[in-house]
Amino acid sequence: MKSSDYNYFIPYKDGHIFFNGITKRFFLASEKNHAKLMDIISRPDDYREKYAPFLERMSAEGFVVEDDVQEMDIIREEFDRKRNSGQYTLMVLPTYDCNLRCWYCIQEHQNMTLSDETVARIKKHIEKYLLENEIKEFRLSWFGGEPLLAYRKLIEITRFSKDFCECHHIGFFSDMTTNSLLLTSERIKELGGLGVRSFQITIDGCREKHNQVKRDKDNAAFDKAVNNVLEIVRTIPDAYCILRINYSDQTLEPGKIMHDVNLMIPHEYRKQIFVMSTMHISIAYSRMEMSESATMRNPKMPKAC
Ligand code: SF4
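Residues numbered from 1 in each chain as written. Predicted model: local features only at pLDDT ≥ 70, side-chain atom pairs only at ≥ 80, totals over all residues. Heavy atoms only, no water.

Draft legend 1. Structural view of the domain arrangement of the chain. Here the chain is partitioned into domain 1 (2–74) and domain 2 (86–241). For domain 1 versus domain 2, the separation of C-alpha centres amounts to 38 Å. (Domains from an automatic or database assignment.)

Draft legend 2. Fine view of the pattern of salt bridges. Here the structure, examined in full by the defined rule, presents 26 salt bridges. Arginine 139 is the partner of aspartate 175 in a salt bridge, and the nearest nitrogen-oxygen pair spans 2.7 Å. Taken as a pair, aspartate 175 in strand E8 (residues 171–178) and arginine 139 in strand E7 (residues 137–142) lie far apart in primary sequence, 36 residues in all. Exposure remark for aspartate 175: the relative accessible area of 9% places this residue in the buried category. (Salt bridge = Lys/Arg side-chain N within 4 Å of Asp/Glu carboxyl O. Helix = DSSP H or I, 4+ residues; strand = E, 2+ residues; numbered from the N terminus. Buried < 20%, exposed > 50% of the residue type's maximum accessible area, 1.4 Å probe, protein only.)

Draft legend 3. Main features of the UniProt feature "domain: Radical SAM core" (unreviewed entry) in the chain. UniProt's entry tags residues 93–234 with the feature "domain: Radical SAM core" (unreviewed entry), counted in the numbering of this structure. Along residues 93–234 the backbone is 45% helical and 15% strand, and the end-to-end C-alpha distance reaches 27 Å. (UniProt positions renumbered as here; feature names shortened; annotations may be inferred.)

Draft legend 4. Quick peek at the side chain of asparagine 246. Note on placement: asparagine 246 falls in the loop between strand E10 (240–245) and helix H9 (254–262). Under the relative-accessibility criterion, asparagine 246 is labelled buried at 10%.

Draft legend 5. The arrangement of the layout of surface pockets in detail. One number sums up the size of the second largest pocket: a volume of about 450 Å³. Taken together, 19 residues line the second largest pocket, and the ones lying closest to its centre are Tyr104, Cys105, Gly145, Thr202 and Arg244. (1 Å grid on protein atoms, 1.4 Å probe; cavity = no way out; pocket = protein on both sides within 12 Å on 5 of 7 lines; lining within 4 Å. Points joined across faces, edges and corners; volume = space filled by probe spheres on them.)

Below, the structure is given as structure tokens:
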């Protein structure tokens, strides 16, 4: 047995997060145990008998592999599988600029938007790539900055993509990541009509905390965002919204956040809303209700050693 070449040991608080880049499995090791666990994973043959159950588990999660396993072959196969799946996702950042200034933002907010020439090139790329690669499903993803600042360009490319896909019998789906403050009822209708079906909207804490991070002129960013979520799921019955909860040690108050969201989202619309956090806890909102009993995406992984 040998250690995977794709193990990452990331310092976190007093311990380390163990992460495998091929299987995407992870767990948190305590300060007391992480050095020992790293050693076992690095030299599995030396511990084969003494820690057999642990190594069996590590093998199932990809942290250790048999000597004859070529991990690069696994990566190549996955790459080919994705490339030949008939699906294609194109992510477009129509601007780096934003109408907000969150403290944690990594964008430099350069005042750059898509030129007409770039729009024409994107359209050409879509035509050529989809046809030459016999793409069966095309996903157009909008990201930024705040993509809605370039609304007319976004609409132009989305409309073009939808029409082109319809004409060539290619499945089409579009999604966007947005702070949502530039959405209006008319825009939601228009986007729904053009095949935008997924909206990822960030929530930075309960109403009070969110409004401290996302400062808009009315100090009402939280209510505007959650009202837009409601408007989206009411207007586009087959759309869904992902509430991405960004949090710090000071703002992670799930009970308060869900209380404030629940007050504004009637029960019947919750099945279209999902909650995701930066720690990749992903649950159906309708099942979360007011509790904090999140189902982890890696439920079988040990949470701590
Ligand atoms: S809303 Fe997004 S893009 Fe805008 S400042 Fe905040 S994190 Fe950055």
